[in-house]
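Coordinates in review
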Amino acid sequence: MSRIILSLFIGAVIIALQFSRDWASAGVEANVTYKSFSSAVVRAELGLHVGLSGIDVTLRGNPVVQRNETINYNVAFHWTDSLEQDYAEALERGLPSPILYVAEKFSPGSPCGLLYQYRFSGRYASATMWTAFCCWLLANILFSMPVLLYAGCVTVTAGLFMFLSLASFAATRSLPPCVFAVGSASFQTRLGCSFWLALGTGVLCTVVGALVVILDYMLPKKMRKVFSLAMDEDEDEGDVISGAGGYLNSTFLRSSPPLEILSFTRENLGGSQALLLRLHGEERKSSFGLVQQLRLYQYECK
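Residues numbered from 1 in each chain as written. Predicted model: local features only at pLDDT ≥ 70, side-chain atom pairs only at ≥ 80, totals over all residues. Heavy atoms only, no water.

1. Quick word on the confidence of the model for the chain
- Per-residue confidence for the chain gives a mean pLDDT of 76, with 75% of residues at or over 70.
- Predicted confidence is poor over residues 230-248, with pLDDT under 50, and the contacts of this stretch with residues over four places away or in other chains come to 24 contacts.
- The low-confidence segment residues 255-302, where pLDDT is below 50, has 66 contacts with residues more than four positions distant or belonging to other chains. (pLDDT = per-residue confidence, 0-100. Contact = heavy atoms within 4.5 Å.)

Structure representation (structure tokens):
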């Protein structure tokens, strides 16, 4: 049961990380200009959440209702060719100035170059994360088969692809950071919860896969028993016992009624060779409660 829960946890985390917007985050609370071409100032918390497919910019007033308006925004911008269109729509809607300021930092013409940094790193990270998910599916299939060694290797591979995804996204940290200045406050992005969750899940996959490989090499029988893959100990179904003129299956002899073989030589049968096979047994049918007696005779072969 714990094995199933652990497998479902890994798969659910990989799927959730694909659509999470918390790989990198930042936020600050300050007095900001609420609208463009206006001197109105409000107290609000500005947040930035970066994911593999885009960003979310949030603005929440403190308190929420100020100047007869409810200040509670959550606007999404995607890493697609329509990002400029999303930004243009935000301008047409007249969104608050702090949201437009953060979105402008991710526009193609921004000197910070955040769009190219996070868009390309997010695409590579997403591709390798989907590859890790495929490896996870393959590992689950192999765990249901008597090939635990390969299942462990594929699980380790899933962890390695998750590490590649993390390395791709973390590559943005090597570039000069872009500072967001809002009013009298400023902030920078930092790695979020999704990044650290992906790191922990990758370590978990690697450790579990390595343990499966090592234990399968050291204790193969016990590992197959743990994974409900224990083979039948009676592997001699194909064994045969030589008899008079043929072979008899040993499994048939163990599961069948008593078997009596009588051989006669040419002299006893008056110039003919024969084999008398007598089968006497009882087979009980539980559905009808009847007892049948089977008798099989093989006559003389002239």
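2. Considering the nonpolar core
- In terms of nonpolar packing, the biggest core is built from 52 residues, with W23, F106 and F169 touching the most fellow members.
- Looking at this core element by element, the count peaks at eight residues for helix α4 (residues 114-143).
- Once residues within four sequence positions are removed from consideration, F106 is found in contact with L48, I55, W79, L83, L114, L115, Y118 and F180.
- F143, L148, V212 and M223 belong to the second largest nonpolar core, which has eleven residues in total. (Core = buried A, V, L, I, M, F, W, Y, C linked by side-chain atoms within 4.5 Å. Buried < 20%, exposed > 50% of the residue type's maximum accessible area, 1.4 Å probe, protein only. Helix = DSSP H or I, 4+ residues; strand = E, 2+ residues; numbered from the N terminus.)

3. Re unusual backbone geometry
- For the peptide bond that leads from N62 to P63, omega is 5°, which places it in the cis range.
- Mapped onto the elements of the fold, P63 is located in strand β3 (residues 54-66).

4. So, the environment of W23
- Tracing the backbone shows W23 in the loop between α1 (2-19) and β1 (24-33).
- Relative accessible area serves as the criterion here: at 0%, W23 is assigned to the buried category.
- Residues W23 and G122 lie 99 residues apart in sequence; the distance between their C-alpha atoms is 9.6 Å.
- Polar side-chain contacts of W23 include one of 3.1 Å to the backbone oxygen of L17. (Polar contact = N/O pair within 3.5 Å; in protein donor to acceptor, adjacent residues only side chain to side chain.)

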